[in-house]
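# Residue-level structure breakdown
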Amino acid sequence: MEWLTKFPHMNDDQLRELKKVIDEGFRAFTRAYGDGIETFFEPLQFFLIQSERFMTRTPWPIILILVALIAWLASRNWKIVAGCVGTLLAIGYFDMWDDTMKTISMIFVCTVLSIAIGIPIGIIMSRSDRVQNVVNPVLDVMQTMPSFVYLIPVVMLLGIGKVPGLIAVVIYAIPPMIRLTNLGIRLVDKDVLEAADAFGSSSWQKLKNVQMPLALPTIMAGINQTIMMALAMVVIASMIGVQGLGQPVLKAIANQYFTLGIFNGLAIVGIAIIFDRVSQAYGHRLQRHREIVHG
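Numbering of residues starts from 1 in every chain and runs along the sequence as written. With the structure being a predicted model, the display of local features is reserved for residues of pLDDT at least 70 and the display and counting of side-chain atom pairs for 80 or more, all residues being used for whole-chain, interface and lining totals. The basis for the side-chain values is all heavy atoms of the structure; hydrogens and waters are excluded.

The name given to the chain in an unreviewed UniProt entry is Proline/glycine betaine ABC transporter permease, with the source organism recorded as Sinorhizobium mexicanum. Under the UniProt heading Subcellular location (unreviewed entry), the entry covering the chain gives this text: "Cell membrane". UniProt positions are given in the numbering used here, feature names are shortened, and annotations may be inferred rather than shown by experiment.

The next subject is the packing of aromatic side chains. Centres within 6.5 Å make a pair out of two Phe, Tyr or Trp rings, where for Trp the six-membered ring is used; the pair is then stacked when the planes are under 30 degrees apart, edge-to-face when over 60, and tilted otherwise. Scanning all chains against the criterion turns up seven aromatic pairs. On the numbers, 6.2 Å between centres and 70° between planes, the contact of F47 with F108 is edge-to-face. Of this pair, F47 sits in helix α3 (residues 42-57) while F108 sits in helix α6 (residues 97-127), placing them 61 residues apart in sequence. For F47, a relative accessible area of 31% gives the class partly exposed. Secondary structure is summarised from DSSP: a helix means a run of H or I of at least four residues, a strand means a run of E of at least two, and numbering begins at the N terminus for each. The classification of residues rests on relative accessible area computed with a 1.4 Å probe and restricted to protein chains. Under 20% of the type maximum is buried, over 50% is exposed, and intermediate values are partly exposed.

On to the confidence of the model for the chain, then. Per residue, pLDDT captures the predictor's confidence, and it can take any value from 0 to 100. Averaged over every residue, the pLDDT of the chain is 86; the share at 70 or more is 96%. When the elements of the chain are averaged for pLDDT, helix α1 (residues 2-5) gives the smallest value, 71, and helix α5 (residues 78-93) the largest, 93.

Right, let's talk about the UniProt feature "transmembrane region" (unreviewed entry) in the chain for a bit. Here, UniProt's "transmembrane region" (unreviewed entry) annotation points to residues 58-74, 80-97, 104-128, 148-174, 214-237 and 257-275. For residues 80-97, the helix share is 83%, the strand share is 0%, and the end-to-end C-alpha distance is 20 Å. End C-alpha to end C-alpha, residues 104-128 measures 36 Å, and it is 96% helix and 0% strand.

Here the focus is the packing of helix α11 (residues 190-198) against helix α12 (residues 203-237). Helix axes are fitted to C-alpha atoms over the stretch in contact, other axes to C-alpha atoms as well, and angles between N-to-C directions run from 0 to 180 degrees. Axis separation between α11 and α12 bottoms out at 11 Å; the angle between their running directions is 165°. In terms of orientation, α11 and α12 fall into the roughly antiparallel class. The crossing of α11 and α12 is right-handed. Side by side, α11 and α12 meet where V192, L193, A196 and D197 of the first sit next to K206, V210, Q211 and L214 of the second. Put simply, Ala, Val, Leu, Ile, Met, Phe, Trp, Tyr, Cys and Pro go in the nonpolar bin, Asp, Glu, Lys and Arg in the charged bin, and everything else, Gly too, in the polar bin. Residue composition of the contact of α11 with α12, by class: five nonpolar, one polar and two charged. By the definition adopted for this analysis, an angle is roughly parallel if under 35 degrees, roughly antiparallel if over 145, roughly perpendicular if from 65 to 115, and oblique otherwise. Two helices crossing with the near one rotated counterclockwise from the far one by less than a right angle form a left-handed crossing, whereas a clockwise rotation gives a right-handed crossing. Whether two residues touch is decided by their heavy atoms; if any such pair falls within 4.5 Å, the residues are in contact.

Glancing now at the side chain of S114. Tracing the chain through its elements places S114 in helix α6. In this view, S114 contacts I119, V170, I174, M177 and T226; residues no more than four positions away in its chain are not counted.

This brings us to the pattern of salt bridges. Salt bridges are defined by distance alone: a side-chain nitrogen of Lys or Arg within 4 Å of a carboxyl oxygen of Asp or Glu. The final tally for this structure, using the stated rule, is six salt bridges. For D197, the salt bridge identified is with K206, shortest N-O distance 3.0 Å.

Attention now goes to unusual backbone geometry. Positive phi, normally seen in glycine, also occurs at R76, with a value near 55°. For R76, the location among the structural elements is in the loop between α4 (60-75) and α5. For D95, which is not glycine, the phi torsion reads 60° and is therefore positive. In this structure, D95 sits in the loop between α5 and α6.

Of note, A168 is situated in helix α9 (residues 162-173). Taking relative accessible area as the criterion, A168 reaches 0% and is therefore assigned buried. Separated by 58 residues in the primary sequence, A168 and C110 place their C-alpha atoms 9.8 Å from one another. Setting aside residues up to four positions removed in sequence, A168 forms contacts with Y150, L151 and M233.

Let us now look at α4. To estimate how far a helix should reach, multiply one less than its number of residues by 1.5 Å. Its 16 residues place the ends of α4 22 Å apart at the C-alpha level, agreeing with the 22 Å of an ideal helix rising 1.5 Å per residue. The set of residues buried in α4 consists of I63, L64, A68, A71, A74 and S75. Down the axis of α4, the buried side of the element spans an arc of 135°, and every buried residue falls inside it. Away from the buried face of α4 by more than 90 degrees, exposed residues I65 and I70 are located. After α4 finishes, the residue R76 shows a positive phi value of roughly 55°. Directions are taken from the helix axis to each C-beta atom, and the arc is the one they span.

Across its twelve residues, α9 extends 16 Å between first and last C-alpha, which sits within 8% of the 16 Å expected from 1.5 Å per residue. The buried fraction of α9 is high, at ten of twelve residues. For α9, every residue scored as buried is listed here: V163, P164, G165, L166, I167, A168, V169, V170, Y172 and A173. Among the structural elements, α3, α6, α8 (147-158), α10 (175-186) and α12 are those in contact with the buried residues of α9.

Printed below as a string of structure tokens:
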């Protein structure tokens, strides 16, 4: 009756051999193409380094003014602007300014990369049910795979550093961008599209002038979720060399420094709230504008 209590599985030797073959195949791929992949990502590394230099070397009053200006242009709400400035002042007062600027630069680059990749994929998905059926399972895997697992192949290919961490964060954070771009375009009213067809609009004109503007609030929600997921991945990415607020948190976990972990964790929460409130306020402004223009 052992078969009732012990699930039948592959022979141990065969399973070990299968894992060995897969591992050796990936190592061979890394040795053959690792250098070429590193060269391919050099522009991304340059972008990340320049962004970090700008955030860390710009005088802090100028950074505060820029943040306040961006928050005002996005939200037109002085309470949100005051909240953003106050949060950054508190972070700087507790000596976490440099790490915070490094984290913000990482999130900025991740968001730009996710938008540049996610929106085109979402557009393609919205135009083809077949593509959607193929991509959706991939996105399901990307969203449910434990975040630590992303670090293994990236580190084997590119080693320890900023770029591997950036790639791992983007892989983890990009699915909401793709899904909500696809959803936003698919939810555009069919009557509006028929009116565009009646006026002789081409597919590109419909996408640029009708579908994307009407889907923009939903796409902004995707950007918001991408930023939140990227921030959630920052601490884990610090394990492979990503600098910022994640490294002190990791140090606090390893050495049981309660206050260090709490302070840097609260700083990450503060950044998340800033990004969330500003992006949500901008999305709401877009929604109100759409309601006014289209009734």
